[in-house]
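The residues making up each chain are set out below.
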Amino acid sequence: MTKPKYLLFTGCVIPYRLSSYEISARKVLAKLDVELVEMPEYNCCGYPMDVVNHDLMLTLAARNLCVAEKMGLPILTLCNGCFCSLNETNKILKEDKKQREKINGYLKEVDMEFKGTTEVKHLIYVLSEDVGFEKIKNTVTKPLSNIRVAQHSGCHVLRPKKYVARDDPENPTTLKNLIKLTGAECLDYMDETECCGNPIIGVNEDVPFNMAKEKLEHVRAVGAQALITVCPFCHIMFDLNQPRIERAFNEKFNLPVLHYPQLLGLAMGFTPEELALNELRVKPTELLNLMKRGE
Amino acid sequence: MTEEKEYVPPVIKAEELDPKFKYKMSKEHGAEKVMVCFQCGTCTADCPIARFSEFYRPRRIARMVQLGLKDRLLLDGALWLCSSCFTCVDHCPQGVEIAGIVRVLRNMTVEDKNLLPLVYKELATNLMKTGFVYEIPDSRLQKRVEQGLPPLPKPNMKDVLKIFEVTGSARLLEKVQTIAKVESK
Ligand code: SF4
Ligand code: SF4
Ligand code: SF4
Ligand code: SF4
């Protein structure tokens, strides 16, 4: 079998403040024989510019897609936002001739042309579809059998259905199944598919804080010992902002939030240091103790 | 305790209505179906933002577009509260895409009213300066190396700036006035 091979698109926010996600993702992907090629001269995916000008978002995203087309490789994203704009742009330009002509008009000015020959995949779909559950299972040497967690896939890896067209956005199972492979139990909770509110935090803090607080309450109510995410923005909302949410509502959650590859990495036998667990805002000390006891 | 405000029924003046607005909107990518919204309210019921805001209501946005209340829509800060979670898009029985409509209206606010929340102006400024929406400090880039990560690729700034120019975005961003925050209650 040939090794699956992708261009890694880290986006902006991961190198800016969440290296822990990139470090752990690279570790587990290498273990799973996935080859990552560094993407030359990419730029922001365009996602936050959609509010300014739709064509700007489409063209910035398309420029990245053109780079991937030239290299003849699919793109792997770690961020739901990057996945959203790159995947959506790829589908729109493949299917809608009018849009494609318009955007290619802009791209011509930078000597590029969208041809429609690449694909965009989020980490969870690379793992579930291309690597496969069997292969992941075989790399788990330290099953986390006495740990109970909950997942937050985040909206943009599921919705809108017409562009993502993979997991069921009303009852997503991909991340749950990936979690189960680590040996940990994955608990259901109320309003699992609800958004975290992060995209509007720069405009209004009140609504996102209420949304995130409600989610943390629902996760706590079922007795989860950690929350697992696959997007830097979801992660920031629940981990980095957790102390602020605690202060705002006079609550105590103390709920560690791990990037999925950190959880998988622990089950593969990597040390917490190798997976940059020390970079988490909410320290997973108790969780790690529990894991040790399970050995 | 807050004092109860006396209820004043909202009044719409006929001259505020632009009957052609809905046709204009229907031509925009993502807003094509706005005319078939039959006001069932599914979008509002399922919108996570509406649950925590007293006035953000996606159904109302669709109705206001149909009525042609353009200025009210564009000057009302509520537009900036949508988190683009696409729940409404997936749930609408008529295939209306509120998230798309909101995006078109936001683009129009920038273009016609020269208004944009400060945060997006800052992200755009960073993007035009560095190719990323955050200005990644040198210490971070140095730390990547120490952590064994490959160096970040250098964005092609010539291309990025060209894209801002040819899409007309550089011109739009130059003249926008910024809105600091938007209330939700
Ligand atoms: S979604 Fe955000 S982090 Fe990802 S590339 Fe786009 S702007 Fe950067
Ligand atoms: S949950 Fe929040 S951060 Fe995560 S994908 Fe949705 S909007 Fe983005
Ligand atoms: S769900 Fe669709 S049809 Fe119903 S009110 Fe919302 S936009 Fe209109
Ligand atoms: S996309 Fe916007 S309007 Fe639609 S459900 Fe999400 S927050 Fe509400």
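1. Things to note about the domain arrangement of chain B
Residues and elements named next belong to chain B.
Consideration 1: Partitioning chain B into structural domains gives domain 1 (14-113) and domain 2 (114-185).
Consideration 2: A C-alpha centroid distance of 27 Å is found between domain 1 and domain 2.
Consideration 3: With both chains or domains summed, domain 1 and domain 2 bury close to 1100 Å², and 64% of this area falls on carbon and sulfur atoms.
Consideration 4: When the buried surface of domain 1 facing domain 2 is broken down by residue, W80, V110 and E111 rank first, second and third, together holding 46% of it.
Consideration 5: At the boundary of domain 1 and domain 2, one finds 0 salt bridges.
Consideration 6: Put simply, domain 1 and domain 2 have 6 residue pairs in polar contact (both at pLDDT 80 or more) between them.
Consideration 7: Tallying contributions element by element places helix 7 (residues 98-113) first for the side of domain 1 that touches domain 2, with 5 residues.
Consideration 8: Residue composition of the side of domain 1 that touches domain 2, grouped by class: 7 nonpolar, 3 polar and 4 charged.

2. What to know about the interface of chain B and chain A
Consideration 1: With 63 residues of chain B at the contact, the number on the chain A side is 65 residues.
Consideration 2: Of all residues in chain B, H29, F52 and I163 of chain B give up the largest surface area on contact with chain A, accounting jointly for 11% of the area buried on that side.
Consideration 3: Joining chain B to chain A, the criterion identifies 9 salt bridges.
Consideration 4: K143 of chain B is the partner of E279 of chain A in a salt bridge, and the nearest nitrogen-oxygen pair spans 3.5 Å.
Consideration 5: Counting across the chain B and chain A interface gives 25 residue pairs in polar contact (both at pLDDT 80 or more).
Consideration 6: At the level of secondary structure, the elements contributing two or more residues to the side of chain B that touches chain A comprise helix 3 (48-52), helix 6 (87-91), helix 7, strand 1 (115-117), helix 8 (118-130), helix 9 (138-146), helix 10 (157-166) and helix 11 (169-175) of chain B.
Consideration 7: In terms of residue count, the dominant contributor to the side of chain B that touches chain A is helix 10 of chain B (6 residues).
Consideration 8: For the side of chain B that touches chain A, the class distribution of residues is 35 nonpolar, 13 polar and 15 charged.

3. Quick look at the nonpolar core
Consideration 1: Within the largest apolar cluster, 148 residues are counted, with the highest numbers of intra-cluster contacts made by M25, I101 and L105 of chain B.
Consideration 2: Ranked by residues supplied to this core, first place goes to helix 3 (residues 54-71) of chain A with 10 residues.
Consideration 3: Setting aside its immediate chain neighbours within four residues, M25 of chain B contacts A31, V34, V65, I101, V104, L105 and M108 of chain B.

4. A look at the site of ligand 2
Consideration 1: The environment of ligand 2 is made up of N80, H152, G154, C155, H156, C195, C196, P199, F233 and C234 of chain A.
Consideration 2: In terms of residue class, the shell around ligand 2 is made up of 6 nonpolar, 4 polar and no charged.

5. Describing the packing of helix 4 (residues 80-95) of chain A against helix 5 (residues 97-108) of chain A
Residue and element names in this part refer to chain A.
Consideration 1: As a packed pair, helix 4 and helix 5 sit with axes 5 Å apart at the nearest point and diverge in direction by 110°. Viewed along their axes, helix 4 and helix 5 adopt a mutual orientation that is roughly perpendicular. Two secondary-structure elements touch here, helix 4 through I92, L93, K94 and E95 and helix 5 through K97, Q99, R100 and I103.
Consideration 2: Residue composition of the contact of helix 4 with helix 5, by class: 3 nonpolar, 1 polar and 4 charged.

6. What to know about the packing of helix 4 (residues 58-67) of chain B against helix 7 of chain B
Residues and elements named next belong to chain B.
Consideration 1: For the pair helix 4 and helix 7, the least separation of the axes is 10 Å and the interaxial angle reads 60°. Taken as axis vectors, helix 4 and helix 7 run oblique relative to one another. Our pair here, helix 4 against helix 7, has a crossing hand that is left-handed. Mapping the contact onto sequence places P58, I61, A62 and V65 in helix 4 and I98, I101, V102 and L105 in helix 7.
Consideration 2: Partitioning the contact of helix 4 with helix 7 into residue classes produces 8 nonpolar, no polar and no charged.

7. Some words on the sheet that holds strand 3 (residues 75-77) of chain A
Residues and elements named next belong to chain A.
Consideration 1: The 4 strands are arranged 2-1-3-4 in an open sheet whose pairing can be described as parallel. Each edge of the open sheet carries a strand with a single partner, namely strand 2 (35-38) and strand 4 (120-122). Along the sheet, successive strands turn relative to each other by an average axial angle of 40°, direction set aside.
Consideration 2: Pairing of strand 1 (residues 5-9) with strand 3 involves 3 bridges; the strand directions are parallel. Bridge pairing in strand 3 places L7 opposite I75.
Consideration 3: Strands strand 1, strand 3 and strand 4 of the sheet are contacted by helix 4, whose axis makes an angle of about 155° with strand 4.

The rules behind these values
- Residues numbered from 1 in each chain as written.
- Chains lettered and ligands numbered in written order.
- Predicted model: local features only at pLDDT ≥ 70, side-chain atom pairs only at ≥ 80, totals over all residues.
- Heavy atoms only, no water.
- Domains from an automatic or database assignment.
- Buried area = accessible area lost by both parts, 1.4 Å probe.
- Salt bridge = Lys/Arg side-chain N within 4 Å of Asp/Glu carboxyl O.
- Polar contact = N/O pair within 3.5 Å; in protein donor to acceptor, adjacent residues only side chain to side chain.
- Helix = DSSP H or I, 4+ residues; strand = E, 2+ residues; numbered from the N terminus.
- Nonpolar A, V, L, I, M, F, W, Y, C, P; charged D, E, K, R; others polar.
- Contact = heavy atoms within 4.5 Å.
- Core = buried A, V, L, I, M, F, W, Y, C linked by side-chain atoms within 4.5 Å.
- Buried < 20%, exposed > 50% of the residue type's maximum accessible area, 1.4 Å probe, protein only.
- Near = heavy atom within 4 Å.
- Axes fitted to C-alpha atoms, helices over the stretch in contact; angles between N-to-C directions.
- Parallel < 35°, antiparallel > 145°, perpendicular 65-115°, else oblique.
- Left-handed = near helix turned anticlockwise from the far one by under 90°.
- Pairing = 2+ DSSP bridges.

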